[in-house]
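Next come the chains, spelled out residue by residue.
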Amino acid sequence: APDVDYLGNDRPYDGDRDGQSDYDLGAVEYGSSQSVFVDVSADTGFNLVNRSGPHRGSGLHWGDLDNDGDLDAIVTGVGSAVLINNGQTFSAYPLADGQAWRQGALLDADTDGDLDFFASCNGSFKDETLFVNDGTGSFTDTGDAGFVAASNNEGLAAADLDADGSPDLVMFSENGNWRGINATSDGTIDFDAENDVGDGLAESNLAGNGDFVSTADVNDDGYLDFFYHYANGRLFVSDGRGGFNADDSAITVATGNSIKFGSAWGDFDNDGDMDLFTPSRSSGVRGALFEDNGSAYVNIAGSVGLTNATVQYSAAWGDYDNDGDLDLLIATGARAPAILYANNGDGTFSEADDGPTIDGLVQDIVFVDYDNDGDLDIAATRPGATDILLKNTLDNNTYLKARAVYLTSAGVPVDVIGARIELLDQAGTLLARREVGAARGYGGTEPLWAHFGGVDPALPYTVRVTWPGGATTSAQIIPEETSSTIGGRTISQMVTMTKDFPAAVRVVNWREISPADR
């Protein structure tokens, strides 16, 4: 078949669409929709060479690293780098000499108002490193920060495990699942990592050589929970007291050292609870969508239209068309491009006819508004090629952006990892839910700024934040009258939700008393 039809439109598609190890042919006919995404990788300088293999990962992490009001990026894997967003282009420099592997985590470890980065592997699978930000997006290697004993590190996630305002870390390694409580004092950052079997994370049958981890507050108690890709999946659910209950039957997926993948949580049906998509690394086997139906997780992928059965590596949720519900983007293997499923708003999905074109194997993929125009763009890592940045050209104003920060006694804003941000209408009905900074994908994290589509900018809404520990804060806003100023840059239709940094509580003396002494 010729490359174009008689009108000059692209026609053939050469790829394995049904996972049957053969080639299929499709056509784009006259009048069909064209992609709303434009490749700006080269123009922006995002097209770094990616040399990462499947065991070293290549995760994407987006946050405002230099506090200038736009999102910057860290890419892990072989060729790891920091990319500082200059508005139209990126300035890039290596992180860890290009050897920050596997999963990483953005967090303000010293709560000084700028985002630091913890790499689970720095040049080897047993050497983890905290990179401290000087406030400009320049990072310094400060060592393992207390994770000296963890080895063959696989998954990593930041979370405020004790709701004290300082982010903690959980490392999933071959020699145990390690909990690092942030014990920073007098400028020295220390996570005091241990694998205590009493916390529900480290029992011998729950730890081992898995791969990545994704997080979400699945039981709505204000604490992030962890889904580790090991032994057919391990879901660690917070008990609200610093410990976890392991549920190894709720979600069952194929796992293994040779079939690493990146899962992603999102509330696709806007019912207020978090659902999970897990890609499939097996050709001919579609990925799974586990819906939280209130009493159990049920795989409904086939019944809602998620039928793609090519080799899949990672996935991301985001409202790319600003219509009010989460769409699903799946990173696939070398013989098929990324797949974008549009949410139909009725609990089903259809493959989008205006989705992106990304050639070659994609490991991690994520939605992010890198240019602050209110629609979600796409970033993707491509081992053996260059990384990709696709600009969304939708350009409408039916959106709201949000972030959640603690304010220190000095008024310094500290990004809150895992904050739940919800959007409600005038009647108080929940419209959508997001969780910022959560672990996801092929070693990546959710962007630190939340995005909501389907918003009428002239109508009033309520934004509600559930902070670590369960406290809530609400604000009434009208999107077109709302803005946030960061580093001298004013971002329209963005709300910043704040809460005073949690006060430290110190017990100085105590004794047991009888009822008569009260």
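One can find the structure itself at the top, above this paragraph.
What counts, and where the lines are drawn
Residues numbered from 1 in each chain as written. Predicted model: local features only at pLDDT ≥ 70, side-chain atom pairs only at ≥ 80, totals over all residues. Heavy atoms only, no water. Helix = DSSP H or I, 4+ residues; strand = E, 2+ residues; numbered from the N terminus. Buried < 20%, exposed > 50% of the residue type's maximum accessible area, 1.4 Å probe, protein only. Contact = heavy atoms within 4.5 Å. Salt bridge = Lys/Arg side-chain N within 4 Å of Asp/Glu carboxyl O. 1 Å grid on protein atoms, 1.4 Å probe; cavity = no way out; pocket = protein on both sides within 12 Å on 5 of 7 lines; lining within 4 Å. Points joined across faces, edges and corners; volume = space filled by probe spheres on them. Nonpolar A, V, L, I, M, F, W, Y, C, P; charged D, E, K, R; others polar. Domains from an automatic or database assignment.

Overview of the overall build of the protein
When helices and strands are tallied, the protein shows one helix and 40 strands. Among the 518 residues that make up the protein, the fraction classed as buried is 57%. Restricting the contact set of the protein to residue pairs at least 6 apart, pairs at least 24 apart contribute 52%.

Let's talk about the environment of Pro 479
Among the structural elements, Pro 479 can be located in the loop between strand E37 (472-477) and strand E38 (483-486). As a C-alpha pair, Pro 479 and Asn 397 span 82 residues in sequence and 9.3 Å in three-dimensional space. In this view, Pro 479 contacts Tyr 399, Leu 400, Val 455, Asp 456, Pro 457, Leu 459, Tyr 461 and Gln 493; residues no more than four positions away in its chain are not counted.

Here we look at the pattern of salt bridges
Evaluation of the coordinates by the stated rule reveals 15 salt bridges. Between Asp 373 and Lys 391 there is a salt bridge, with its nearest N and O atoms 3.3 Å apart. You can see Asp 373 sitting in the loop between strand E26 (365-368) and strand E27 (377-380) and its partner Lys 391 sitting in strand E28 (residues 388-392), a full 18 residues away along the chain. Take Lys 391: its relative accessible area is 23%, and that puts it in the partly exposed class. Through salt bridges with shared partners, a single ionic network connects Asp 217, Asp 220, Arg 420, Arg 433 and Glu 435.

Structural notes on empty space enclosed by the protein
Summed over all chains, the structure comprises five cavities of 30 Å³ or more. When its volume is computed, the largest cavity comes out at roughly 360 Å³. Lining the largest cavity are 29 residues, and of these Trp 317, Arg 434, Glu 435, Glu 446 and Pro 447 sit closest to its centre. Only strand E18 (264-266), strand E22 (312-318), E26, strand E32 (430-435), strand E33 (439-440) and strand E35 (450-453) provide two or more residues apiece to the lining of the largest cavity. The residue makeup of the lining of the largest cavity, split by class, is 16 nonpolar, four polar and nine charged. Two domains share the lining of the largest cavity, each providing at least three of its residues, namely domain 1 (37-392) and domain 2 (400-511).

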